[in-house]
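Residue-level structural notes
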Amino acid sequence: MDYRAVWNVILNNVLALTILIIILTSVVSAFIRQRSRDRCLHDFENYFVTLIMKTGKTISGKLKLYSSGMELEFKEPLYNKYSYIVSYAELEREMQALHRYHWDLSPKNMKQREKSIKRTYKPNIIRRTGRSLRNIVNTLRDAFNKSLTLFIGSMGNKVAGGRATQDMTSVGTSLVDMFVNAYDSVLEKYIGRKVVVQVEENGKFNEYEGVLKEYTSKYMELLNVRYDFTGDSGENTLKRGLKKPAFIDIIAPRSVMKIRYGGKPEKLSLKDMFGLS
């Protein structure tokens, strides 16, 4: 088969070229959707966690993330129920918090957690450069999107008569969204430092101290939070006989948890970050 001849036919046939572009953009879009994960939620994947809903309902299981939602696999089946499934739309609307208890961490989980913390607080030059570039793209996000739209629109009109321009533009925007994050100069300053957050629980506001590990447009992640299970913290069903506060890691929607106070301006050691000693 003469591939050059086939390629020349495609290039000279506007309809065939348009179909080819639409197929390629669909494949790229599917890949982007499959690879896109919230970085905070990704940190808790494959750990045993407890999901707390605003209604007070709690579900515990091993966290698995997918492109459209997440699943909590139970340690033991509840009758014919082996897991709990929730879409990201439901999660964003109904989630109060996601807790990872230090006492539930297996030796393997502890090593994974330490590795994740090291990547965040002692990143290699590639990771440091990547985060800096991501922050720059975030700051100039509108300019990038407009430039990309103009470029792809012009290219689409030339090669495919404008029929595939909308699909190509959508892919370009998705690419920008995949590599950016909701950059916040204040939150960026406190990555790896202690902060005091205000959390709305049961109609009132409680304050907790922890180490800010990561944030995205929807969630914030705190490590080593001294959480009071003995009081009315909205998690009474999970006291488990605890007589004093215990340390946990928390992910919560930014609509529920807000940083109110910056902690002591000091550089924490990795031992302080791990918080398991």
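Fair warning: this is a prediction, and the values are worked out from it, not measured in the lab. (Residues numbered from 1 in each chain as written. Predicted model: local features only at pLDDT ≥ 70, side-chain atom pairs only at ≥ 80, totals over all residues. Heavy atoms only, no water.)

1. Side note on the packing of aromatic side chains
- Across all of its chains, the model carries two aromatic pairs by this definition.
- Plain terms: the ring middles of Y101 and W103 are 4.7 Å apart, the flat faces sit at 5° to each other, and that makes the pair stacked.
- On the basis of relative accessible area, Y101 is assigned to the buried category, the value being 1%.
- If you follow K75 out to its NZ or CZ, it ends over the ring of F48, 4.2 Å from the centre. (Phe/Tyr/Trp six-rings, centres within 6.5 Å; stacked < 30°, edge-to-face > 60°. Buried < 20%, exposed > 50% of the residue type's maximum accessible area, 1.4 Å probe, protein only. Lys NZ or Arg CZ within 6 Å of the ring centre and 35° of its normal.)

2. Brief notes about the pairing of strand β8 (residues 219–227)
- With eight of its nine residues buried, β8 lies for the most part within the structure.
- Note that strand β7 (residues 204–215) and β8 share four bridges and pair antiparallel. Bridge pairing links Y215 to M220 in β8.
- Linkage of β7 to β8, two consecutive antiparallel strands, is achieved through a turn of three residues.
- Both β8 and strand β9 (residues 246–253) contribute to a ladder of seven bridges, which runs antiparallel. Within β9, the residue paired with M220 across the bridge is A252. (Helix = DSSP H or I, 4+ residues; strand = E, 2+ residues; numbered from the N terminus. Pairing = 2+ DSSP bridges.)

3. What about the confidence of the model for the chain?
- Here the chain averages 76 in pLDDT, while 57% of its residues score no lower than 70.
- Element-level mean pLDDT values for the chain span from 56 in helix α8 (residues 165–179) up to 95 in strand β4 (residues 81–87).
- Every residue in residues 232–241 scores below 50 in pLDDT, and together they form 26 contacts with partners more than four places removed in sequence or on other chains. (pLDDT = per-residue confidence, 0-100. Contact = heavy atoms within 4.5 Å.)

4. Details of the environment of E207
- Structurally, E207 can be placed in strand β7.
- When its relative accessible area of 45% is taken as the criterion, E207 is described as partly exposed.
- On a C-alpha basis, the gap between E207 and Y227 in space is 9.7 Å, while along the polypeptide they are 20 residues apart.
- The contacts of E207, once residues within four sequence positions are left out, are V196, V197, Q198 and Y261.

5. Quick word on the side chain of E221
- Of note, E221 is situated in strand β8.
- Among buried Asp, Glu, Lys and Arg side chains, E221 stands out as unpaired, with R100 the closest opposite charge at 4.3 Å.
- The contacts of E221, once residues within four sequence positions are left out, are C40, D43, F44, R100, V211, L212, K213, E214, I250 and I251. (Lys, Arg positive; Asp, Glu negative; His and termini not counted. Salt bridge = Lys/Arg side-chain N within 4 Å of Asp/Glu carboxyl O.)

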